[in-house]
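Examination of the molecular architecture
Residues per chain, in single letters:
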Amino acid sequence: MGTTLPHHRAHQDGTVNASRTDRTHAGATATGAGPAPAAGARSALGPIGLVMGGVVSVQFGSALAVNLMDRTSALGVVAIRLVVAAALLLVVCRPQLRGHSRADWGTVVAFAATLAGMNGLFYQAADRMPLGPAVTLEVLGPLALSVFSSRRLVSVLWAGLALAGVFLLGGGDFSGLDPVGAAFALGAGAMWAGYIVFSARTGRRFPQADGLAIAMALAALLVLPLGVGSAGGELLDPVTVGLGAGVAVLSSVLPYTLELIALRTLPASAFSILMSLEPAVAALAGFLILHQTLGAAQAAAIGLVVAASMGAVRTQVGAVRVTKEPELG
């Protein structure tokens, strides 16, 4: 995260906002109407493949970041990633800095703070626990936002399913989880939920991806002093900078590009459900790249949280459709 820009990704249209790792999240992205569904299943395979490519890119980027932590600190990795991502976005987007109100700037600053917090906390978690469990705990933030924003009784089922997953993930008594790492992951989830809220508000106040570019630059400025204080001169090492740039491309630039293309034809609900698979993909990346293995109980826990996230998305999309139906008649 997740990602998520972890956890996450941000699409600045005010309706679909996806991070983790600054990725916005699955459970809360389907609050608005998305693009019209594709005519047939075959035509939908392309956008689905693009979204899944973005999900894989983000989580394998996180795995590369964990390896990079052997050369520098977790906050050092975050600093490099955000600085590189901000530089790329500023060059590509060339956001207008004039003509914005005080309220506009207040919103984008809040967006930047949640973006910086989400990334910083998640990388601290990933430094202490396997990627799969870390993303699973992080995903609880957006999932909780989705459940609490829904007024349907079935949302209680999804919340219970997620709690059961967390119970399994902790081995029943939570002795199987690093307590500090788990706290960082849950904090990242809370920041992710805040990120979703302020990402949507920023998207309504700034054109195109201007708000994202400005927020990324501000987030980089917030994290950079912490990264320098934590890693010092290691941040100037060419190999470290190069690997950090790779993390930024895999976790930010490539997923943003793939998802923006996919969302031209893929419904927001389908996009959100695919994003719900991130904990499972994170576990796979942890296994393949970092040789992190999970027990049967932990695998089942991740499955429960993924199912809860998918269910919450479908419930929320159903509620939106019911609300809008009278207007169509």
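Rules of the game
Residues numbered from 1 in each chain as written. Predicted model: local features only at pLDDT ≥ 70, side-chain atom pairs only at ≥ 80, totals over all residues. Heavy atoms only, no water. Helix = DSSP H or I, 4+ residues; strand = E, 2+ residues; numbered from the N terminus. Buried < 20%, exposed > 50% of the residue type's maximum accessible area, 1.4 Å probe, protein only. Areas by Shrake-Rupley, 256 points an atom, 1.4 Å probe, with all protein chains shown as cover. pLDDT = per-residue confidence, 0-100. Contact = heavy atoms within 4.5 Å. Expected span 1.5 Å × (residues − 1).

Of the regular secondary structure elements, the chain holds 12 helices and two strands. Seen in sequence order, the chain has helices and strands lined up from the N terminus as β-β-α-α-α-α-α-α-α-α-α-α-α-α. Per-residue burial over the chain gives 53% buried out of 329 residues. Here the chain displays about 13,500 Å² of accessible surface, and carbon together with sulfur accounts for 68% of that area.

Once that is clear, we can look at the environment of Leu177. The topology assignment puts Leu177 in the loop between α6 (154–169) and α7 (179–205). Put simply, Leu177 and Ala134 are 43 residues apart on the chain and 9.7 Å apart in space, counted from C-alpha to C-alpha.

Burial within helix α4 (residues 131–138) is extensive, with eight of its eight residues counted as buried. Turning to α4, its buried residues number three or more, namely Leu131, Gly132, Pro133, Ala134, Val135, Thr136, Leu137 and Glu138.

On average, the chain scores 78 in pLDDT, and the residues at 70 or more come to 78%. Element-level mean pLDDT values for the chain span from 36 in strand β1 (residues 6–7) up to 94 in helix α3 (residues 102–126). Counting interchain partners and residues more than four positions distant, the pLDDT-below-50 stretch residues 1–39 has 231 contacts.

Turning our attention to helix α2 (residues 74–93). An α-helical segment advances 3.6 residues per turn. Residues three or four places apart therefore align on the same side. Between its first and last C-alpha, α2 extends 28 Å over 20 residues, near the 28 Å set by a 1.5 Å rise per residue. Among the residues making up α2, those that are buried are Ala74, Leu75, Gly76, Val77, Val78, Ala79, Ile80, Arg81, Leu82, Ala85, Ala86 and Leu89. Arg94 sits one or two residues past α2 and shows a positive phi near 45°.

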